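Summary of the model geometry
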Amino acid sequence: MACTFGAVASTQAATIAYTFENAGNISGAGVDQVYTAPDVNEFGAGITFSDFTMTEESAAHVSRIADIGPGSVSAAGVDRANPLSFEFTVTILSSASVTFDQVSFDTLYRSSNNITGDVNWTFETVVGSDPAANVKSGTMSLVGQSTKVENSGLIDLSGLDNLSDTTVTFRWTLDGAWSNTWNNKRMGMDNITISSVPEPSSTALLGLGGIAMILRRRRA
C-alpha cells in the first residue's frame, strides 16, 4: 500500500488477552489462585508479565479461576459473599516502549435462582511506584435474572504513553450488593483484552529517512 508524502505506516496493534480456557495455566489454592500466562501475547520482546492473581477477600469462601464451557464468557472467578480482586503487572524493560490504547472485559453473574441486585466493579492502573492510580468504575444491574454477562465496553488507557523501564499494574475489584442471601450466587469476569497503539513500521521509518535525505540534498 502506497504512503502519501510524510505519512507513517503503522504495524498492527499488539494485544494481550486472558480468556481463562487453559486449565494448565491455573495454579494455587485457597484464597489466592493464579493464571500463569496470557492466552494471547503479541507484545513481543522486552515485555514480561507477572501471574494473573485472583484474591478472595475472606478465607471463609474459596473462589477459583475457571472457564465454564468451551469458549464461553462464563467465569474467570466465582465467589459467594465477598469482594474479589484480580490483578497482574506488565514489566517494560528499557529496551522496549509501549503506548497502551484500551482495555475491554466482561463482568458476569450466575445464580441458581432469580434475584435482584448489582455487581459493582472498579478498574485501576498503577504505573511504577506512583501511588496515584487511575480508577474507573461501573455497575452491572441484575433484575430477576439467573445468568447475566455484560461487556463493560472499551476503557480508554490514554496517559499510559511511551512507557519504558517501568511497570504497569492492572487491577480489578468486583463486589456484589444483593437483595437476598448469597446462597448459590456467583460473580466474576472474563475475556480481558488490553491493546497497545501500533508503533511505526521499520519500513515506514526507513522511508521517512530517505525523504529527509532527499530534502537535505535539494536544499544543498
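Residues numbered from 1 in each chain as written. Predicted model: local features only at pLDDT ≥ 70, side-chain atom pairs only at ≥ 80, totals over all residues. Heavy atoms only, no water.

In the annotation of an unreviewed UniProt entry, the chain is listed under the name PEP-CTERM sorting domain-containing protein and assigned to Rubritalea spongiae.

Bringing the environment of Gly 46 into the picture now. Turning to its location among the elements, Gly 46 is positioned in the loop between strand E4 (40–41) and strand E5 (47–49). Look at Gly 46 and you get buried, because its relative accessible area is 16%. A sequence separation of 45 residues divides Gly 46 from Thr 91, and the C-alpha atoms of the two residues are 8.3 Å apart. Residues in contact with Gly 46, not counting those within four places in the same chain, are Thr 91, Ile 92, Leu 93, Ser 95 and Ala 96. (Helix = DSSP H or I, 4+ residues; strand = E, 2+ residues; numbered from the N terminus. Buried < 20%, exposed > 50% of the residue type's maximum accessible area, 1.4 Å probe, protein only. Contact = heavy atoms within 4.5 Å.)

One broad trend across soluble globular proteins is that nonpolar side chains are buried collectively. If you look at the biggest cluster of nonpolar residues, it comprises 39 residues, and the most contacted ones within it are Phe 52, Phe 88, Val 90, Phe 100, Phe 170 and Trp 172. Of all the secondary-structure elements, those providing two or more residues to this core are strand E1 (15–18), E5, strand E6 (52–56), strand E7 (84–92), strand E8 (100–127), strand E9 (134–156), strand E10 (166–178) and strand E11 (185–196). Take this core: its biggest share by element is seven residues, from E8. (Core = buried A, V, L, I, M, F, W, Y, C linked by side-chain atoms within 4.5 Å.)

This paragraph deals with the side chain of Thr 169. As for its position among the elements, Thr 169 is in strand E10. Take Thr 169: its relative accessible area is 11%, and that puts it in the buried class. In this structure the side chain of Thr 169 is engaged in a polar contact, spanning 2.8 Å, whose partner is the side chain of Thr 89. Beyond its immediate stretch of four places on either side in the chain, Thr 169 contacts Glu 87, Phe 88, Thr 89, Glu 124, Thr 125 and Val 126. (Polar contact = N/O pair within 3.5 Å; in protein donor to acceptor, adjacent residues only side chain to side chain.)

Here the focus is the pairing of E7. The element E7 is extensively covered by neighbouring structure, given that seven of its nine residues are classed as buried. Looking at chain direction, E5 and E7 are connected through three bridges and run antiparallel. Across the sheet, residue Thr 48 finds its bridge partner in E7, namely Thr 91. Where E6 and E7 come together, four bridges link them in antiparallel fashion. The partner of Glu 56 across the bridge, within E7, is Leu 84. (Pairing = 2+ DSSP bridges.)

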